[in-house]
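Commentary on secondary and tertiary structure
For reference, the chains in residue letters:
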Amino acid sequence: MRITALAGGVGGARFVRGLRHHLDATPGLGEAEVTVVANTGDDITLFGLRVSPDVDTLLYTLGGGVEEQQGWGRAEETHRVQAELAAYGALPQWFTLGDRDLGTHIIRSQWLGQGLTPSQVTARLAGRWGLPERRITLLPMTDDPVETHVVVADGEREAAIHFQEWWVRHGASLPAHRFVVAGLDRAAPAPGVLEAVRDADVVLLPPSNPVVSVGIVLGVPGVREALRETAAPVVGVSPLISGRPVRGHADACLRAIGVPESAAGVAGLYEDLLDAWLVDAADADTTLPRARVAVHDEPLLMSDVAAAGRIAAHALRLAEG
Ligand code: GDP
Ligand code: FO1
Ligand code: CA
């Protein structure tokens, strides 16, 4: 079986980790291949280094190196380099760069500088984290530079700031007028992305941020069409429970694009491609014109790997019809 998931960072990574756990624990499913198409719109260059937060969160989570409580960054991290940078007054200081995490950014930047593509770099990084052995292929959505920006009020005028500045520095508290994704309209899907959707037996939309994670992947020209046209069932899991994101600021993102902050509102963003949608019992009244809705039999919370695995297993059952 070939399973393809479109993913952001923490929500996507925890879901795919649970999916892999479920597959490996189920007779006959261990051989299944999982391909993850990762959002790269969060990427940012800091101190000359290319940082790719959602790709790194996937690598660390699936590879067993993530800071579990935080959900991103490396376990047992230190911040000595950042302290030195601060001593020089180097900016920005609102973005945490741990020492171990910096190793990833340094080697990524070196390989990119040597002419490797983001896909090739990601494959090398994934090798270190043991993803191929776990039958997980991690693909960036595109090899072209794409950066999500957020348009906010700047006095009488508007200004676009990098997504990370809006999300991390301002905690998404500045009302977003709209998202502008630099480079997205000219981006080509990375090698293997369209094939992974077209040739899949199941396509899963994890409970990732629908606007700035899944929405960006779907915005790469050709990807949305591939999901519409694939013979594989497309099944999604709601990132919202009772209208609230489990973590992060998806509510502020939905508000910015005028979409209801609800499980139904999120599913509406996928209306043209979704076959089934998994919600929490609190959202059992969700109805969708074009997709089946199923209610998970326990809280839709990925509280540990096993719970995430049960959510993924439910999504796979929905794919069977
Ligand atoms: P990010 O890139 O780190 O923001 O991660 P994603 O975009 O992949 O996922 C973020 C979304 O995951 C948020 O909107 C959360 O509400 C959702 N999420 C995180 N943990 C859970 C969970 O345990 N259950 C559900 N249903 N959604 C979750
Ligand atoms: N999130 C934060 O809230 N604060 C940070 O300082 C921060 C640093 C950071 C560094 C590397 C990395 O891979 C992720 C990091 N994140 C941080 C998480 C991440 O930037 C955001 O949660 C996502 O991009 C939003 O989806
Ligand atoms: Ca993200």
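Numbers given to residues run from 1 along each chain, matching the order in which its sequence is written. All chains are assigned letters beginning with A, and all ligands numbers beginning with 1, in the order in which they are written. Local features in this predicted model are restricted to residues of pLDDT 70 or higher, and side-chain atom pairs are both shown and tallied only at a pLDDT of 80 or more, whereas totals for entire chains, interfaces and linings draw on every residue. As a rule here, side-chain values cover all heavy atoms of the structure and leave hydrogens and water aside.

If you check an unreviewed UniProt entry, the chain appears there as 2-phospho-L-lactate transferase from Phycicoccus endophyticus.

Focus: the site of ligand 1
How we decide: One heavy atom suffices: a residue is near a molecule or strand as soon as one of its heavy atoms comes within 4 Å of it. Two N or O atoms form a polar contact when they lie within 3.5 Å of each other; inside protein one atom must be a possible hydrogen donor and the other a possible acceptor, and for residues adjacent in sequence the pair counts only when both atoms belong to side chains. We get accessible surface area from the Shrake-Rupley algorithm with a probe of 1.4 Å; when it comes to residues, only the shown protein chains can shield them. Lining residues are those with an atom within 4 Å of a point, where the points come from a 1 Å grid over the protein atoms alone and group into cavities, where a 1.4 Å probe fits but cannot get out, or pockets, open sets with protein on both sides within 12 Å along at least five of seven lines. A molecule is counted as occupying a cavity or pocket when more than half of its atoms fall within 2 Å of that pocket's grid points. Each helix corresponds to a stretch of at least 4 residues labelled H or I by DSSP, and each strand to a stretch of at least 2 residues labelled E; elements are numbered beginning at the N terminus. Each residue is assigned to one of three groups, with Ala, Val, Leu, Ile, Met, Phe, Trp, Tyr, Cys and Pro labelled nonpolar, Asp, Glu, Lys and Arg labelled charged, and all others, Gly among them, labelled polar.
In the vicinity of ligand 1 there are 19 residues, among which Pro207, Ser208, Ser213, Pro239 and Met302 approach most closely. In this structure, an oxygen atom belonging to ligand 1 sits 3.2 Å away from a main-chain N or O atom of Gly11. Look at ligand 1: alone it shows 590 Å² of surface, and the protein chains cover 92% of it. Among the cavities detected, the one that contains ligand 1 is the largest pocket. In terms of residue count, the dominant contributor to the shell around ligand 1 is helix H1 (residues 10-25) (three residues). Class assignment of the residues belonging to the shell around ligand 1 gives a composition of nine nonpolar, eight polar and two charged.

Notes on the domain arrangement of the chain
To keep things clear, this is the line we draw: Source of the domain bounds: an automatic or database domain assignment. We call two residues contacting when some pair of their heavy atoms lies within 4.5 Å. A carboxyl oxygen of Asp or Glu within 4 Å of a side-chain nitrogen of Lys or Arg is what we treat as a salt bridge.
Taken domain by domain, the chain comprises domain 1 (2-66 + 118-144 + 186-320) and domain 2 (147-184). In this structure, domain 1 and domain 2 have C-alpha centres spaced 24 Å apart. Every contact between the two is made by 23 residues of domain 1 and, on the other side, 15 residues of domain 2. At the junction of domain 1 with domain 2, the criterion picks out one salt bridge. One salt bridge connects Arg50 with Glu147, and the closest N-O pair in it is separated by 2.7 Å. Linking domain 1 to domain 2 there are eight residue pairs in polar contact (both at pLDDT 80 or more). Those elements that provide at least two residues to the side of domain 1 that touches domain 2 are strand S3 (44-46), helix H8 (214-219) and helix H10 (250-256). The leading source of residues in the side of domain 1 that touches domain 2 is H10, at three residues. Across the side of domain 1 that touches domain 2, the residue classes tally to 13 nonpolar, six polar and four charged.

Concerning the pattern of salt bridges
The following threshold applies: Exposure is judged per residue with a 1.4 Å probe applied to protein chains only, and the accessible area is read against the type maximum: over 50% gives exposed, under 20% gives buried, and values in between give partly exposed.
In the structure shown here, the tally under the stated rule is 15 salt bridges. Taking the shortest distance from any N to any O, the salt bridge between Arg169 and Glu165 comes out at 2.7 Å. Of this pair, Arg169 and Glu165 are both found in helix H6 (residues 163-169), four residues apart, which corresponds to roughly one turn of the helix. Between Arg186 and Asp185 there is a salt bridge, with the nearest N and O atoms lying 3.8 Å from each other. Here the two residues Arg186 and Asp185 agree in accessibility, since each one is exposed. Linked through salt bridges whose partners overlap, the residues forming this network are Glu31, Glu33 and Arg135.

Concerning the sheet that holds strand S8 (residues 176-182)
Short version of the rule: Each pair of strands is called paired provided DSSP finds at least two bridges between the two strands. Interaxial angles span 0 to 180 degrees and are taken between N-to-C directions of axes, which are lines fitted to C-alpha atoms, for helices over the stretch in contact.
Across the sheet, which stays open at both edges, the three strands sit in the order S7-S6-S8 with antiparallel pairing between neighbours. In this open sheet, the two edge strands, each paired with only one partner strand, are strand S7 (157-162) and S8. The mean inter-strand angle of the sheet, taken between neighbouring strand axes irrespective of direction, is 30 degrees. Bridge count for strand S6 (residues 147-154) against S8 is six bridges, and the pairing is antiparallel. Following the sheet pairing, His149 is matched in S8 by Val180.

With respect to the pairing of strand S13 (residues 276-279)
Alternating positions in S13 separate into two faces, Ala276 and Leu278 on one and Trp277 and Val279 on the other, with burial throughout. Where strand S10 (residues 234-237) lies against S13, three bridges are found, and the strand directions are parallel. Its bridge partner lying in S13, Val235 is registered against Ala276.

Considering the coordination of the calcium ion (ligand 3)
Note the following rule: Metal donors were taken as nitrogen, oxygen and sulfur atoms no farther than 2.8 Å from the ion, or 3.2 Å where the ion is Na, K or Ca. Water is excluded, so coordination may look unfinished.
Bound to the calcium ion (ligand 3) on the protein side are Asp42 (OD), Asp54 (OD) and Asp54 (OD), at distances that span 2.2 to 2.5 Å. In this pair, Asp42 is assigned in the loop between strand S2 (33-38) and S3 and Asp54 in helix H2 (residues 53-63), connecting sequence segments twelve residues apart.

Structural notes on the pairing of strand S1 (residues 2-7)
For clarity, the cut-off: Orient the strands so they point away from the viewer; a crossover is then right-handed if the path from the first strand over the helix to the second runs clockwise.
Extensive coverage of S1 is indicated by the burial of five of its six residues. The pairing of S1 with S2 spans six bridges and is parallel. Residue pairing in the sheet places Ile3 in a bridge with Val34 of S2. Between S1 and its parallel partner S2, the chain crosses via H1, and the hand of that crossover is right-handed.

Examining the packing of H1 against H2
Any two packed helices are characterised by the angle at which their axes cross and by the distance between the axes. Applied cut-off: Roughly parallel refers to an angle under 35 degrees, roughly antiparallel to one over 145, roughly perpendicular to one between 65 and 115, and oblique to any angle outside these ranges. Two helices crossing with the near one rotated counterclockwise from the far one by less than a right angle form a left-handed crossing, whereas a clockwise rotation gives a right-handed crossing.
Viewed as axis vectors pointing N to C, H1 and H2 meet at an angle of 30 degrees, and their least axial separation amounts to 9 Å. Considering the angle they form, H1 stands roughly parallel to H2. In this structure, the crossing between H1 and H2 has a hand that is right-handed. Residues Val10, Gly12, Ala13, Arg14, Val16 and Arg17 of H1 pack against Thr57, Leu58, Thr61 and Leu62 of H2. For the contact of H1 with H2, the residue count by class is five nonpolar, three polar and two charged.

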